[in-house]
Amino acid sequence: MIIFGVIAVLVLALIFLVLRAQNAQAELNKAKFELKTLQKNTKFSLGSIMLMSKQLTNSYRLKLDALRRHGVLHGNDLDVAQFIVENVEFVVMQCCEKHATVEEAIKGALEGATIDMAAVQEYIARQSVDVRVPWSKNTLDGYLAACNNLLTTKTKAPEAAIEEAAI
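Now for a look at the structure at hand. (Residues numbered from 1 in each chain as written. Predicted model: local features only at pLDDT ≥ 70, side-chain atom pairs only at ≥ 80, totals over all residues. Heavy atoms only, no water.)

## Remarks on the pattern of salt bridges
Here the structure, examined in full by the defined rule, presents 6 salt bridges. Where Arg61 meets Glu86, a salt bridge forms, and the shortest distance between an N and an O atom there is 2.9 Å. Taken together, the residues span a long stretch of sequence, with Arg61 in helix H1 (residues 2–69) and Glu86 in helix H2 (residues 75–86) at a distance of 25 residues. As a salt-bridge pair, Glu103 and Lys107 come within 3.4 Å of each other at their nearest N and O atoms. On the criterion of helical spacing, the pair formed by Glu103 and Lys107 is a turn pair, its members being 4 residues apart in helix H4 (residues 102–110). A relative accessible area of 31% places Glu103 in the partly exposed class. The exposure class of Lys107 is partly exposed, given its relative accessible area of 45%. (Salt bridge = Lys/Arg side-chain N within 4 Å of Asp/Glu carboxyl O. Helix = DSSP H or I, 4+ residues; strand = E, 2+ residues; numbered from the N terminus. Buried < 20%, exposed > 50% of the residue type's maximum accessible area, 1.4 Å probe, protein only.)

## Description of the packing of H1 against helix H7 (residues 140–152)
Close contact between H1 and H7 brings their axes to 9 Å; oriented N to C, the two are set at 25°. Put simply, H1 runs roughly parallel to H7. Our pair here, H1 against H7, has a crossing hand that is left-handed. Of the residues in H7, those in contact with Leu56, Tyr60, Lys63, Leu64 and Leu67 of H1 are Leu144, Cys147, Asn148, Leu151 and Thr152. (Axes fitted to C-alpha atoms, helices over the stretch in contact; angles between N-to-C directions. Parallel < 35°, antiparallel > 145°, perpendicular 65-115°, else oblique. Left-handed = near helix turned anticlockwise from the far one by under 90°. Contact = heavy atoms within 4.5 Å.)

## Things to note about the environment of Ala100
By secondary structure assignment, the location of Ala100 is in the loop between helix H3 (88–97) and H4. With 39 residues separating them in the primary sequence, Ala100 and Thr139 have C-alpha atoms 8.9 Å apart. Dropping the residues within four chain positions of it, Ala100 is found in contact with Gln94 and Cys95.

## Quick look at unusual backbone geometry
Backbone geometry at His99 places phi at a positive 55°, although glycine is not the residue there. Tracing the sequence through the fold places His99 in the loop between H3 and H4. Residue classification places His99 among the exposed positions, given a relative accessible area of 69%. In this structure, Asn138 is a non-glycine residue whose phi angle is positive, near 60°. What makes Asn138 partly exposed here is its relative accessible area of 26%.

The following block contains the structure:
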């Protein structure tokens, strides 16, 4: 009688373990499916970000070319501004994929470049407040705002800049 009781308890324990293992397997399969879905969404999002950053880079190139044609930017300033504009896509992707700061991404872009970080910092230091403040945030949104302001504030008429400073 005791033997049948022990066997019954062991059978119940075995049934419990089998059911628990099946439940764990079902949860594992569900987690794998959710992971695949998340990976697809992430891949799509990164592709969209890459496409948008390419378009933004092209837009910035056109604005920079217009500034160059009008003689607003020239010499070393043009080289630094061109470096910043040409590497928008690289900086965006480094910040999104590798969670790098803007400074780390720019240092990565500077490898093999003819300019150095000191030249970039000096150029930004000479810019207006609406370029320096977003740049100093060292975040992607600040970087994009600084790039946009860098290329749009140069085109303001001197009278508009003086009136803006007076306000």
